[in-house]
Amino acid sequence: MTREERRALLGDEVISHIHALVAAAPEPSPELVDELRRILTRPAGRVVKAPPSTAAAAA
């Protein structure tokens, strides 16, 4: 959805209200940032292993 489509759907007043709420929100704690980073980089706690390189596979 483009910015113009969102503006047409929500209207300027709602968008201004959302911007005010976001501006008033406190900064996240370092602990929250670390937890979110872990979740977003390893969903479900999985670690995806890279496939072996062709040189290592040939050896």
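Our structure's up above, just so we're on the same page.
Heads up: these notes are all about the structure in this document. All figures in this text were calculated on a predicted structure; none of them were measured in a lab.

## Details of a nonpolar patch on the surface
Logical step 1: A cluster of nonpolar side chains, contributed by Met1, Leu9, Leu10, Val14, Ile18 and Val22, occupies part of the molecular surface with about 590 Å² of accessible area.
Logical step 2: Mapped by element, the contributors of at least two residues to the nonpolar patch are α1 (3–10) and α2 (12–24).
Logical step 3: The element that contributes the greatest number of residues to the nonpolar patch is α2, accounting for three residues.
Logical step 4: For Ile18, the position within the fold is in helix α2.

## As for the pattern of salt bridges
Logical step 1: Using the criterion set out here, one finds three salt bridges in the structure.
Logical step 2: A salt bridge links Arg37 to Asp34; the nearest nitrogen and oxygen atoms lie 3.5 Å apart. Taken together, the residues Arg37 and Asp34, both in helix α3 (residues 30–41) and three residues apart, mark about one turn of the helix.
Logical step 3: What makes Asp34 partly exposed here is its relative accessible area of 47%.
Logical step 4: Between Arg38 and Glu35 there is a salt bridge, with its nearest N and O atoms 2.9 Å apart. Of this pair, Arg38 and Glu35 both sit in helix α3, separated by three residues, roughly a single helical turn.
Logical step 5: Since its relative accessible area comes to 33%, Arg38 is described here as partly exposed.
Logical step 6: Relative accessible area serves as the criterion here: at 38%, Glu35 is assigned to the partly exposed category.

## Focus on the environment of Arg7
Logical step 1: Inspection of the secondary structure assignment puts Arg7 in helix α1.
Logical step 2: When near neighbours in sequence (up to four residues on either side) are disregarded, Arg7 contacts Asp12 and Ile15.
Logical step 3: There is a polar contact of 2.2 Å between the side chain of Arg7 and the side chain of Asp12.

Each value, and the rule that gives it
- Every chain begins its residue count from 1, and numbering advances along the sequence as written.
- For this predicted model, a pLDDT threshold of at least 70 governs which residues receive local features, and a threshold of 80 or more governs which side-chain atom pairs are given and counted, while totals over whole chains, interfaces and linings are taken from all residues.
- Excluding hydrogens and water, the side-chain values take into account all heavy atoms of the structure.
- Like charges within 9 Å and nonpolar side chains (Val, Leu, Ile, Met, Phe, Trp, Tyr) within 5 Å are joined into patches, using only residues over 30% in relative accessible area that form no salt bridge.
- Surface exposure here means Shrake-Rupley accessible area, sampled with a 1.4 Å probe, where a residue is shielded only by the protein chains that are shown.
- For this document, the term salt bridge refers to a Lys or Arg side-chain nitrogen within 4 Å of an Asp or Glu carboxyl oxygen.
- Helical segments are the DSSP runs of H or I of at least four residues, strand segments are the runs of E of at least two, and each set is numbered from the N terminus.
- The buried label goes to any residue with under 20% of its type's maximum accessible area, the exposed label to any with over 50%, and the partly exposed label to all in between, with areas taken from a 1.4 Å probe on protein chains only.
- Residue contacts are counted whenever heavy atoms from the two residues lie within 4.5 Å of one another.
- For this analysis, a polar contact is any N or O atom pair within 3.5 Å, provided that within protein one partner can donate a hydrogen and the other can accept it, and provided that sequence-adjacent residues contribute only side-chain to side-chain pairs.

All quantities given are derived from atomic positions and should not be read as evidence of function.
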